[in-house]
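What the coordinates show
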Amino acid sequence: MRLLVVCRANQCRSPLAAAIGNRLAAGSDLRFDSAGLLPGGHPMPRRGLKVARERGLDLRQHRSRELRSADIGAADLVLAMSRGHAREVLLDDPDLWPRLFTLKQFSRWVRAHPRPDGADVRAWLEDAAADRDRSELLGSSPADDVADPVRARVAGWRRTADELEAHLRVVVGGLLGSDARRGLRAGR
């Protein structure tokens, strides 16, 4: 299973989310990648590197990269950091709708619609998520958007990392099945 996490610049939220997601999904067939809507080549800010290091994540080699259509095509699920990011991605590929959520939306949605053990992710989403109301992407909402910590102090980066990890635990558990959900709730 391939998950793609998207934010504006791919310097803060999406690479941190992908690293956390890959750590949570270690030993499974779930893989996270990240990209941004802007041209790439930039490192994560120093404060972000510090917070990542505190969590045992090494993002020193990360360089932002711009989202490509091949990234979307290869992803079983696309998780945007905000409604605005999701709208921009959807403009390029309207058929992506059943596989496109904000991270926070999917965290809520997968609790109500856990993936059946062994179900193909794309087929499950095409069936279970296609009828969602597209107006979910209108406006902005703290209930759906992860705040950008780019100009925040270290404490703000820590809050973002905590928020990402909490939602990613639910996402990974919802995608991997009942045994994984129990392990993630227990903090493993």
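In case you missed it, the structure is sitting above this.
Residues numbered from 1 in each chain as written. Predicted model: local features only at pLDDT ≥ 70, side-chain atom pairs only at ≥ 80, totals over all residues. Heavy atoms only, no water.

Moving on, we get to the overall build of the chain. Per the secondary structure count, the chain includes eight helices and four strands. For the chain, the succession of helices and strands along the chain, N to C, is β-α-β-α-α-β-α-β-α-α-α-α. For the chain, whose C-alpha radius of gyration is 15 Å, the value lies close to the compact-globule estimate of 16 Å for 188 residues. Viewed in the frame of its principal axes, the chain has a C-alpha envelope of about 40 × 40 × 30 Å. The 188 residues of the chain split such that 53% are buried. Nonlocal contacts in the chain, meaning residues at least 24 apart in sequence, comprise 75% of its contacts between residues at least 6 apart. With an accessible surface of roughly 9000 Å², the chain has 49% of that area assigned to carbon and sulfur atoms. (Helix = DSSP H or I, 4+ residues; strand = E, 2+ residues; numbered from the N terminus. Rg over C-alpha atoms; globule rule 2.2 N^0.38 Å. Buried < 20%, exposed > 50% of the residue type's maximum accessible area, 1.4 Å probe, protein only. Contact = heavy atoms within 4.5 Å. Areas by Shrake-Rupley, 256 points an atom, 1.4 Å probe, with all protein chains shown as cover.)

Evaluated as defined, the whole model comprises zero disulfides. A disulfide-free cysteine, Cys-7 has its sulfur positioned 6.8 Å from the sulfur of Cys-12, the nearest such atom. By relative accessible area, Cys-7 is classed as buried at 2%. (Disulfide = S-S within 2.5 Å.)

Examined against the element boundaries, Leu-137 turns out to sit in the loop between helix H6 (121–128) and helix H7 (154–176). Classification of Leu-137 by relative accessible area gives buried; the value is 3%. Each C-alpha atom, one on Leu-137 and one on Gly-41, is 28 Å from the other, the two residues being 96 residues apart in sequence. Filtering out sequence-adjacent residues up to four positions away, Leu-137 remains in contact with Arg-83, Ala-86, Arg-87, Leu-90, Trp-97 and Gln-105.

Now for the packing of aromatic side chains. We describe a pair of aromatic rings using the distance from one ring centre to the other and the angle between the two ring planes. Scanning all chains against the criterion turns up five aromatic pairs. On the basis of an interplanar angle of 70° and a centroid distance of 4.9 Å, the ring pair of Phe-101 and Phe-106 is categorised as edge-to-face. Judged by its relative accessible area of 0%, Phe-106 is buried. Note on Trp-109 and Trp-124: the rings are 5.4 Å apart at their centroids and 50° apart in plane angle, and the pair reads as tilted. (Phe/Tyr/Trp six-rings, centres within 6.5 Å; stacked < 30°, edge-to-face > 60°.)

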